[in-house]
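So you can see what is in the structure, the chains are spelled out below.
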Amino acid sequence: LSGKRTFRVRIVGSRMICAKRVSEELGIPLEAAERKVYEINNKRHKSIENLFKDSYEHCSLNYAKNFDLIINTDRISAGGAVPIIMMAMQQAGFELQRPHPQT
């Protein structure tokens, strides 16, 4: 994305609520889902650090200034986040194309 205009969105949620969602979606025990959420979040954080540590002074998923919009899915569903993201992108000057109808 170097040199391209980007809109950086971070989707967050508390570990327990994310674990409940993962447990229900995957049909696994809550404890296993909580471990999975913890492990995935750690992998994401390390990947971001490795990719962007030379580009950002505070290279962290937890540093809010690295993002244009942060949405907490403890309070807003994933589906509810989509129109918020699109509206925020439009407010930031992005021109969004409407999807073509399926024929």
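Our structure is the block above this text.
Every chain is numbered independently, its residues counted from 1 as its sequence is written. Where local features are concerned, this predicted model is filtered to residues with pLDDT of at least 70; where side-chain atom pairs are given and counted, the filter is 80 or more; whole-chain, interface and lining totals use all residues. Hydrogens and water are ignored here; the side-chain numbers use all heavy atoms of the structure.

On to the overall build of the chain. Strands are runs of DSSP state E lasting at least two residues, helices are runs of H or I lasting at least four, and both sets are numbered from the N terminus onward. Along the backbone of the chain there are three helices and two strands. When the elements of the chain are put in sequence order from the N terminus, they spell out β-α-α-β-α. Each radius of gyration is computed over the set of C-alpha atoms, and the globule rule expresses the reference value as 2.2 Å times the number of residues to the power 0.38. The C-alpha radius of gyration of the chain comes to 16 Å, more than 25% above the 13 Å expected for a compact globule of 103 residues. The C-alpha extent of the chain, read off along each of the three principal axes, is 45 × 45 × 25 Å. To sort residues, take the accessible area from a 1.4 Å probe on protein chains only and compare it with the maximum for the residue type: under 20% means buried, over 50% means exposed, and anything in between is partly exposed. For the chain, buried positions account for 20% of its 103 residues. About 8,400 Å² of surface is accessible on the chain, with carbon and sulfur atoms providing 52% of the total. Areas reported as accessible are Shrake-Rupley estimates using a 1.4 Å probe. Residue values count occlusion only from the protein chains shown.

Here the focus is the environment of Leu51. By the element assignment, Leu51 lies in helix α2 (residues 30-52). Leu51 gets classed as exposed once you look at its relative accessible area, which sits at 63%. Remark: the alpha-carbon pair of Leu51 and Gln97, spanning 46 residues in sequence, is separated by 29 Å.

A separate point is the side chain of Ser23. Position of Ser23 among the secondary structure elements: in helix α1 (residues 15-26). We classify Ser23 as buried; its relative accessible area is 15%. When near neighbours in sequence (up to four residues on either side) are disregarded, Ser23 contacts Ile28, Pro29, Leu30 and Ala33. Whether two residues are in contact is decided by their heavy atoms: any pair within 4.5 Å suffices.

Let us now look at a nonpolar patch on the surface. Each patch is built from residues that are more than 30% exposed by relative accessible area and take part in no salt bridge. Like charges join if they lie within 9 Å; nonpolar side chains (Val, Leu, Ile, Met, Phe, Trp, Tyr) join within 5 Å. What makes a salt bridge here is a side-chain nitrogen of Lys or Arg within 4 Å of a carboxyl oxygen of Asp or Glu, nothing more. A contiguous nonpolar patch, built from Leu51, Phe52 and Tyr56 and spanning about 290 Å² of accessible area, is present on the exposed surface. Its location among the elements puts Phe52 in helix α2.

Position of Arg5 relative to the elements: it lies in the segment before β1 (9-12). The class of Arg5 is exposed, set by a relative accessible area of 55%. Along the sequence, Arg5 and Phe94 sit 89 residues apart, while their C-alpha atoms lie 9.1 Å from each other. By the criterion applied in these results, polar contacts are pairs of N or O atoms within 3.5 Å in which, for protein atoms, one can donate a hydrogen and the other can accept it, and in which residues neighboring in sequence qualify only through two side-chain atoms. A distance of 2.4 Å separates a polar atom in the side chain of Arg5 from the backbone oxygen of Ala92.

Two packed helices can be described by the angle between their axes and the distance between those axes. Look at α1 against α2: their axes get within 8 Å of each other, and the N-to-C directions meet at 115 degrees. Where α1 crosses over α2, the handedness of that crossing is right-handed. Where α1 abuts α2, its residues Arg15, Met16, Cys18, Ala19, Lys20, Val22, Ser23 and Leu26 lie against Leu30, Ala33, Glu34, Lys36, Val37 and Tyr38. Its residues assigned to classes, the contact of α1 with α2 shows nine nonpolar, one polar and four charged. Axes here mean lines fitted to C-alpha atoms, for a helix over just the part in contact, with angles spanning 0 to 180 degrees between N-to-C directions. Helix crossings are classified by the rotation of the near helix relative to the far one: an anticlockwise turn of less than a right angle makes the crossing left-handed, while a clockwise turn makes it right-handed. Gly counts as polar in this scheme, as do all residues outside two lists: the nonpolar Ala, Val, Leu, Ile, Met, Phe, Trp, Tyr, Cys and Pro, and the charged Asp, Glu, Lys and Arg.

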